[in-house]
Amino acid sequence: MAQPPTPPRATGYARTQFMIVKIPVVPDADDLYHQREDRIDQALKAKGLGTVIGWGDSLGEARAGGSRRVAYTRVDLDVLEIEAARAELQVILSAIGAPAGTEIHYSRDGASVADIYAPPEWRLAQPVVYGIRQG
């Protein structure tokens, strides 16, 4: 008689999903001490939704002369449930004064989409191709 398959060992870790927040850099209003990332992390942790796993500045298009300015800050997130995290991110980003054009990137049904902040509301589930929002 065949033995039933052995269930996989529990790791003790919950299955998580990856999300990204892109915050445009606004001249003369930059978050020099990156306090926004800490506020996002605190809000997600307080609700048991996830955590910030990293952040960094990303460069924009080349200017005349070839130099490039910092265009946005990217915040990488590890979340337990995308829909709940999206709702919390929309609240916290609005509360901390995120600028228009802030994006929350996630995957839905295998497609890359983003919620785009257009104060006072969010344009939800906008299509994204190769990390570039379409439309």
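Below: a short report on this structure.

What counts and what doesn't
Residues numbered from 1 in each chain as written. Predicted model: local features only at pLDDT ≥ 70, side-chain atom pairs only at ≥ 80, totals over all residues. Heavy atoms only, no water. Phe/Tyr/Trp six-rings, centres within 6.5 Å; stacked < 30°, edge-to-face > 60°. Buried < 20%, exposed > 50% of the residue type's maximum accessible area, 1.4 Å probe, protein only. Lys NZ or Arg CZ within 6 Å of the ring centre and 35° of its normal. Core = buried A, V, L, I, M, F, W, Y, C linked by side-chain atoms within 4.5 Å. Helix = DSSP H or I, 4+ residues; strand = E, 2+ residues; numbered from the N terminus. Contact = heavy atoms within 4.5 Å. Axes fitted to C-alpha atoms, helices over the stretch in contact; angles between N-to-C directions. Parallel < 35°, antiparallel > 145°, perpendicular 65-115°, else oblique. Left-handed = near helix turned anticlockwise from the far one by under 90°. Nonpolar A, V, L, I, M, F, W, Y, C, P; charged D, E, K, R; others polar. Expected span 1.5 Å × (residues − 1). Polar contact = N/O pair within 3.5 Å; in protein donor to acceptor, adjacent residues only side chain to side chain. Salt bridge = Lys/Arg side-chain N within 4 Å of Asp/Glu carboxyl O. Pairing = 2+ DSSP bridges.

Before going further, it helps to examine the packing of aromatic side chains. Per the stated rule, a full pass over the model turns up one aromatic pair. With a centroid separation of 4.8 Å and 35 degrees between ring planes, the pair formed by Y117 and W122 is classed as tilted. Of the two residues, Y117 and W122, neither departs from the other in class, the shared state being buried. Against the face of Y72 rests K22, its NZ or CZ located 4.3 Å from the ring centre.

Moving on: the nonpolar core. Grouped together as the largest cluster of nonpolar side chains are 23 residues, with contacts concentrated most on M19, V21, I40, L77, L89, L93 and I104. Of all the secondary-structure elements, those providing two or more residues to this core are strand 1 (17–24), helix 1 (35–46), strand 3 (68–79), helix 2 (82–95), strand 4 (103–108) and strand 5 (111–118). Here this core takes five residues from helix 2, the largest share from any one element. Leave out the neighbours within four places in its chain, and L93 touches V21, I23, I40, A98, T102, I104 and W122.

Glancing now at the side chain of S58. By the element assignment, S58 lies in strand 2 (residues 50–62). Among residues more than four places away in sequence, those in contact with S58 are R69, V70, A71, Y72 and R74.

In contact at an axis separation of 10 Å, helix 1 and helix 2 are set at 135 degrees when each is read in the N-to-C sense. Taken together, the axes of helix 1 and helix 2 lie oblique to each other. Handedness of the helix 1/helix 2 crossing: right-handed. Residues R39, I40, A43 and L44 of helix 1 lie in contact with helix 2, whose contacting residues are A85, E88, L89, I92 and L93. Of the residues in the contact of helix 1 with helix 2, the class split is seven nonpolar, no polar and two charged.

This part is about helix 2. Its 14 residues place the ends of helix 2 20 Å apart at the C-alpha level, agreeing with the 20 Å of an ideal helix rising 1.5 Å per residue. Within the span of helix 2, buried status applies to I82, A85, R86, E88, L89, Q90, I92 and L93. Its side-chain oxygen at 3.2 Å from the backbone nitrogen of E83, E81 defines the N-terminal cap of helix 2. Once helix 2 finishes, G97 follows within two positions and takes phi at roughly 75 degrees, a positive value.

Turning next to the pattern of salt bridges. Considering all chains together, one arrives at seven salt bridges under this definition. Here E83 ties to R108 by a salt bridge, and the two come within 3.2 Å at their closest N and O atoms. Of the two residues, E83 is situated in helix 2 and R108 in strand 4; the sequence distance between them amounts to 25 residues. Given the relative accessible area of 31%, R108 is considered partly exposed. Between D115 and R86 there is a salt bridge, with the nearest N and O atoms lying 2.7 Å from each other. Of this pair, D115 sits in strand 5 while R86 is found in helix 2, placing the two residues 29 residues apart along the sequence. For the pair D115 and R86, one class covers both residues: buried.

Two strands pair when backbone bridges link them, and strand 1 and strand 4 are joined in this way by three bridges, in the antiparallel orientation. The residue bridging K22 from the neighbouring strand is E103, located in strand 4. Between strand 4 and the antiparallel strand that follows it, strand 5, lie two residues; D109 among them carries a positive phi value of about 50 degrees.

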